[in-house]
Amino acid sequence: MRALRAAWRSSRALAHALGGVATILVLFPRWSEPRRQAQVQAWSLRMLSLLGITLELHGQPPRSGPVLLVANHISWLDILVMHAACYCRFVSKADVRHWPLIGTLATGGGTIYIERESRRDALRVVHHMAESLRAGDVVAVFPEGTTSDGVDLLPFHANLIQAAVSAHAPAQPVALSFIETATRAPSLTPCYIGDDTLVGSVWRTLSGPPLSAIVRYGEPQQAQGRDRRTWTADLRSAVERLRQG
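Residues numbered from 1 in each chain as written. Predicted model: local features only at pLDDT ≥ 70, side-chain atom pairs only at ≥ 80, totals over all residues. Heavy atoms only, no water.

Trainee: Honestly, the confidence of the model for the chain in this entry has me stumped. Any pointers?
Mentor: Reading predicted coordinates in detail is not appropriate for stretches of low pLDDT. Looking at the chain, the pLDDT average stands at 90 and 98% of residues meet or exceed 70. Confidence, expressed as mean pLDDT per element, reaches its minimum in the chain at helix α7 (residues 198–207) with 79 and its maximum at strand β2 (residues 67–71) with 98. (pLDDT = per-residue confidence, 0-100. Helix = DSSP H or I, 4+ residues; strand = E, 2+ residues; numbered from the N terminus.)

Trainee: Hey, could you run me through the packing of helix α1 (residues 2–27) against helix α2 (residues 33–50) in this one?
Mentor: For any two helices packed against each other, one specifies the inter-axial angle together with the distance between the axes. Running from N to C, α1 and α2 cross one another at 170°; their axes reach a closest spacing of 9 Å. Here α1 lies roughly antiparallel to α2, going by the angle between them. In contact with Arg9, Arg12, Ala13, His16, Ala17, Gly20 and Thr23 of α1, α2 contributes Gln39, Trp43, Arg46, Met47 and Leu50. Its residues assigned to classes, the contact of α1 with α2 shows 5 nonpolar, 4 polar and 3 charged. (Axes fitted to C-alpha atoms, helices over the stretch in contact; angles between N-to-C directions. Parallel < 35°, antiparallel > 145°, perpendicular 65-115°, else oblique. Contact = heavy atoms within 4.5 Å. Nonpolar A, V, L, I, M, F, W, Y, C, P; charged D, E, K, R; others polar.)

Trainee: What is the right way to read α2 from this model?
Mentor: Each α-helix turn comprises 3.6 residues. Residues three or four places apart therefore point the same way. Spanning 18 residues, α2 covers 26 Å between terminal C-alpha atoms, matching the ideal 26 Å at 1.5 Å per step. Considered for burial, the residues of α2 that qualify are Val40, Trp43, Ser44, Met47, Leu48 and Leu50. The arc that holds every buried residue of α2, seen down its axis, measures 155°, which confines them to one face. Buried residues along α2 sit against α1, β1 (53–58), α3 (78–85) and α4 (102–108). (Expected span 1.5 Å × (residues − 1). Buried < 20%, exposed > 50% of the residue type's maximum accessible area, 1.4 Å probe, protein only. Arc of directions from axis to C-beta.)

Following this line, the structure appears as structure tokens:
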């Protein structure tokens, strides 16, 4: 029964993904930026539904930029969940650009790519992020730099927060979590950590019970004279408080 459910969900999700790629390649070049952003959000919300995931929002997502969303990182689902809640431009490792299907979807969604091993490229990305914030964009980062099990919050890296400092833009803490919809118990099903493979994590999600993705938005805050390290530590504390509900 679980395998049948997973196969059914995966076939519908794959069809939706292929439709998204077609939209990006054929229609996005003709559409305005607001229309593309609305389509990304609508597509993401539909994909969550096909995967058996309900979206729950707490707090106020940004209605417009500039703002830097600062979130914890649990799963391959996080970007999808945050796009469904509010369109934003993500910063992601450059490898994603070359992933079949996913790379096209990520690029169409406005992803800013970074070569994490290169300090020079990190400086380039911070500059690009600052330009996007000055242009009024909503940009999102996962300052843990990797996924966790969601039980504990990893240390936050301060490098990318410099973009908000340079652009004099606010940062907004965001806490992500996943629970089983029926029992409201925390779920580790969508985690993507350690020896997990992407395929294995996707299969667990597809074959498991329905999930709810919880997105909690805190209040936007300005640097107010804090350097990036101090501000990053304060943002981490804000995300931790949101995670506690």
